[in-house]
Amino acid sequence: MKHVGIDVGGTKCLGVIVDSFGQVVHEVRYPTPHASELIDLLEKMFRELEGETTLGVGVPGLITADGVIKASPNMKGAHNIAVGPELRERLGIAVHVENDATVAAFGEWKSGAAMGARDAVMVTLGTGIGGGIVMGGQLQRGANGFAGEIGHMVIERDGVECPCGRRGCWERYASGSALKMLSGGVDGKEVFEKFHAGDAEATAVVNTFASWIAEGLASLTNICDPEVIVIGGGVIESFATRIDVLEEKFSQSLYSSAMRPHPRLVPASLGEKAGAIGAALLVGEVVG
Ligand SMILES: [Zn+2]
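Given the structure is predicted, the values throughout are model-derived calculations rather than measurements.

Chemist: Looking at this model, I keep getting lost on the environment of Val245. Mind explaining?
Modeler: By secondary structure assignment, the location of Val245 is in helix H9 (residues 243-253). Here Val245 falls in the partly exposed class, since 18 other C-beta atoms lie within 10 Å of it. Along the sequence, Val245 and Lys110 sit 135 residues apart, while their C-alpha atoms lie 28 Å from each other. In this view, Val245 contacts Val206, Asn207, Ala210 and Phe239; residues no more than four positions away in its chain are not counted.

The structure is reproduced here in structure tokens:
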């Protein structure tokens with residue numbers, strides 16, 4: 001059986017058709033439309049991909065179990081959009097809609113860097129921070145499907161303002177956009193280029209940045225005790241061969257560091273397709 005998965009991103013929608021092993025057979029991409037045109041585009045993409053009987057969709061924000069977008073901070077006008085119910089009606093197939101970071105985590109767990117793990121945390125360090133949690137071999141959704149919003153755990157009370165309305169959220173200190181703040185406005189790419197070239201100032205900025213990332217990873221370890229933490233997004237690609245900087249700060253931040261096994265920190269392996277692949281595989285699992 002083949003499944004269709006579509007990842008709705010900030011700028012583009014990526015649709016894939018995958019086989020039961022998570023291998024991508026075909027893909028299409030479109031620019032992300034205004035929220036009012038989202039359902040029409042998803043219908044069009046599904047028909048273009050000629051999927052069989054299921055459609056999985058990943059969308060940023062708070063998504064109900066039934067597939068209604070309650071809020072999506074980065075998509076204008078996205079309040080109470082009944083993506084799941086409307087597409088089920090139009091297409092007459094099983095449709096499952098889930099948070100984009102949750103489906104990306106599911107993709108990495110089922111056919112990427114966390115494959116085979118019973119307890120894993122997936123962290124995406126991009127413009128913001130997204131995440132997904134697998135505990136005891138189960139993807140964790142929470143009571144309302146809102147679990148895994150790890151970027152909004154507060155790490156500094158009364159800290160930097162966050163688009164979610166609170167202050168001091170982890171993503172304001174450890175995401176790609178946070179790096180620019182820590183560097184005093186220097187572009188993150190430039191900071192890492194200088195860091196890799198051995199520049200002292202850039203090294204100091206990257207060390208501070210790594211400490212903020214490590215603080216959050218250590219808290220997640222205290223809560224979830226994962227065997228592996230998969231890290232995706234542009235930030236981890238920037239560390240490249242120097243992930244040891246992050247590992248060192250993480251090791252220092254862990255509670256009782258010398259007395260416990262440390263979770264492995266590994267880069268994500270599915271890249272930009274993790275969400276679409278995860279959405280396709282998750283709906284396959286949800287509807288059997
Ligand atoms: Zn926040």
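Further notes follow.
Chemist: Which parts of the structure should I look at to understand the sheet that holds strand E12 (residues 264-267)?
Modeler: Through backbone hydrogen bonds, the strands of a sheet pair up, either in parallel or in antiparallel fashion. Strand order in the open sheet formed by 5 strands is E10-E9-E8-E11-E12, and the pairing between neighbours is mixed. At either end of the open sheet lies a strand with only one pairing partner, and these are strand E10 (138-139) and E12. Here strand E11 (residues 228-232) pairs with E12 via 4 bridges, running parallel. The residue of E12 that forms the bridge with Ile229 is Leu265.

Chemist: Can you help me understand the domain arrangement of the protein chain in this one?
Modeler: Once the domains are mapped, the protein chain shows domain 1 (3-104 + 272-287) and domain 2 (116-269). Each side of the interface is counted separately: domain 1 has 10 residues, and domain 2 has 13 residues. Here the element with the most residues in the side of domain 1 that touches domain 2 is helix H3 (residues 100-111); it accounts for 4 residues. A per-class count over the side of domain 1 that touches domain 2 returns 7 nonpolar, 2 polar and 1 charged.

Chemist: Hey, could you run me through the pairing of strand E4 (residues 54-59) in this one?
Modeler: Regular strands show a simple pattern: their side chains alternate between the two faces of the sheet. Among the 6 residues of E4, 6 are classified as buried, and the element is accordingly described as predominantly covered. Alternating residues of E4 divide into Thr54, Gly56 and Gly58 and Leu55, Val57 and Val59, and every residue in both groups is buried. Where strand E1 (residues 3-8) and E4 come together, 4 bridges link them in parallel fashion. Note that in E4 the partner of Ile6 across the bridge is Val57. Note: E4 against strand E7 (residues 94-99), 6 bridges, orientation parallel. By the bridge assignment, Gly58 is partnered in E7 with Glu98.

Chemist: Help me understand H3 in this model?
Modeler: Between its terminal C-alpha atoms H3 stretches 16 Å, which fits the 16 Å expected from 12 residues at 1.5 Å a residue. With respect to burial, H3 is a largely interior element, 12 of its 12 residues being buried.

Rules and cut-offs
Going along each chain's sequence as written, the residues are numbered from 1 onward. The predicted origin of the model limits local features to residues at a pLDDT of at least 70 and limits the giving and counting of side-chain atom pairs to 80 or more, whereas totals for whole chains, interfaces and linings rest on all residues. The way it works is that DSSP assigns letters per residue, a run of H or I at least four long becomes a helix, a run of E at least two long becomes a strand, and they are numbered from the N terminus. The burial label depends on the number of other C-beta atoms within 10 Å of a residue's C-beta. Counts of 20 or more mean buried, 12 or fewer mean exposed, and intermediate counts mean partly exposed, with C-beta atoms placed from the backbone. Contact between two residues is assigned when their C-beta atoms, built from the backbone, lie within 7 Å. Being paired, for any two strands, means DSSP has found at least two bridges between them. Note: domain ranges come from an automatic or database domain assignment. When residues are sorted by character, Ala, Val, Leu, Ile, Met, Phe, Trp, Tyr, Cys and Pro go into the nonpolar class, Asp, Glu, Lys and Arg into the charged class, and all the rest, Gly among them, into the polar class. By definition here, a helix of n residues has an expected span of 1.5 Å times n minus one.

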